[in-house]
Structure formats: C-alpha cells, structure tokens
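Summary of the model geometry
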Amino acid sequence: MPPILFLDIDGVLVPFGDGVPAYPVFDNRCVENLKMLLAGVPLAKVVFSSTWRLPNYVNRLYEQWLEHGFTKAVAIDGTPDLKQDSSILRRHQRGLEIRAWLNAHPRTRHWVVVDDERFAIEEVLDCRRCVFTNPRIGLTTDDAERAIRILRLHGGFPGDAPL
C-alpha cells in the first residue's frame, strides 16, 4: 500500500483569511506547497478527509483539483462519512472517519494527516502523524516539509525501510 496523505481542504488549500469565502477556490500558494509535498514523497496517494468529498461538494473538489494540475490518479479515495452515526461525538468525527478508513485498509502503515481541525483528530489519532495548519494561512512550506518528514520517517520515500 502506498503512503497515504489524508487531506482536508478548508483551512489547508482554502485558507479562511478574513472569513469563509462565498465561492471557495484553492489558494495558489497552498497548491504549490501541496505539489512540493507530493513531489517530496512521489509514491504518496491522497485520501480526502474534507467535507468537500461528500456528494454535495465532490464535483467542486475535482473541478478545483484538476484545474490546479493534480490528477485523479493521485487522489484515490475519500474517508467514510460517519455523520449519520449517532454514537459518534461530532468533535471526534474527522478522526474517527480517518481511523475507519485505516481499519478498512489494514495494509496501510505509512500515513499523515494534513488538517486545520486539531480538536477533531487529536483525541483519536496519533498526532505525531499529523500536521495541523493555521486555517487563516493554509498549507505553508513548513507544513509541507513536516508532512514529508513524517512520511519519509514512516517509509514513504523510495528506498526507505518501513518501521
């Protein structure tokens, strides 16, 4: 199984700046930082963990994804939607959706989460594998480099030995 990048969109590729834009678009600086991240771990694949993966938004997601030069081959999946499960606390939903995806793909040993919602993840997943962005700024060069280091540490770079 290739290294997996669980990718949020809002607050990562669409920074909030002075508020949520009426018609959100990927920020070019954030896109370049994501391209740097993917180039740094060429075997990595993206699993969307963002609400953009849901039916009401997925067309917009792929429109923006392709418009910025990414391919569908890099984006292999989305996490399951657990919103309807009443046993799940809303604050843990994102982390539990990522964990559910990992449980459904037990051969995945090398992964990183890039998200702006720390509270939705930190009580559920190993935060040493997480990069939390500032939602007002989005994905920075430092964030991308940290994600590369995490994936390389966990065997996501050609020639690296799995831990």
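Calculation notes
- Residues numbered from 1 in each chain as written.
- Predicted model: local features only at pLDDT ≥ 70, side-chain atom pairs only at ≥ 80, totals over all residues.
- Heavy atoms only, no water.
- Helix = DSSP H or I, 4+ residues; strand = E, 2+ residues; numbered from the N terminus.
- Expected span 1.5 Å × (residues − 1).
- Buried < 20%, exposed > 50% of the residue type's maximum accessible area, 1.4 Å probe, protein only.
- Arc of directions from axis to C-beta.
- Contact = heavy atoms within 4.5 Å.
- Phe/Tyr/Trp six-rings, centres within 6.5 Å; stacked < 30°, edge-to-face > 60°.
- Lys NZ or Arg CZ within 6 Å of the ring centre and 35° of its normal.

**Observations regarding helix α4 (residues 141-153)**
- Taking 1.5 Å as the rise per residue, α4 with 13 residues should run 18 Å; its terminal C-alpha atoms sit 18 Å apart, in good agreement.
- All of the buried residues along α4 are D143, A144, A147, I148, I150 and L151. Taken down its axis, α4 places every buried residue within 160 degrees of arc, on the same side. Turned more than 90 degrees away from the buried face of α4 sit D142, R149 and L153, all of them exposed.
- Where the residues of α4 are buried, they touch β1 (4-7), α1 (28-40), β4 (111-115) and β5 (130-132).

**Comments concerning the packing of aromatic side chains**
- According to the stated counting rule, one finds 5 aromatic pairs in the structure shown.
- Relative to Y62, the ring of F48 has its centre 5.9 Å away and its plane inclined at 90 degrees; by these criteria the two rings are edge-to-face. Separated by 14 residues along the polypeptide, F48 in strand β2 (residues 45-48) and Y62 in helix α2 (residues 58-67) bring together distant segments of the chain. Accessibility classification places F48 together with Y62 in one group, the buried group.
- With a centroid separation of 5.1 Å and 85 degrees between ring planes, the pair formed by F48 and W65 is classed as edge-to-face. Pair noted here: F48 is in strand β2 and W65 is in helix α2, with a separation of 17 residues, a long-range link.
- Taking the relative accessible area as the measure of exposure, F48 reaches 2% and is therefore buried.
- What makes W65 buried here is its relative accessible area of 0%.
- The rings of F48, Y62, W65 and F70 are connected pair by pair, giving a single aromatic cluster.
- Across the ring face of F70, the terminal group of K35 is positioned such that the distance to the ring centre comes to 5.6 Å.

Just distances and angles here, no functional claims.
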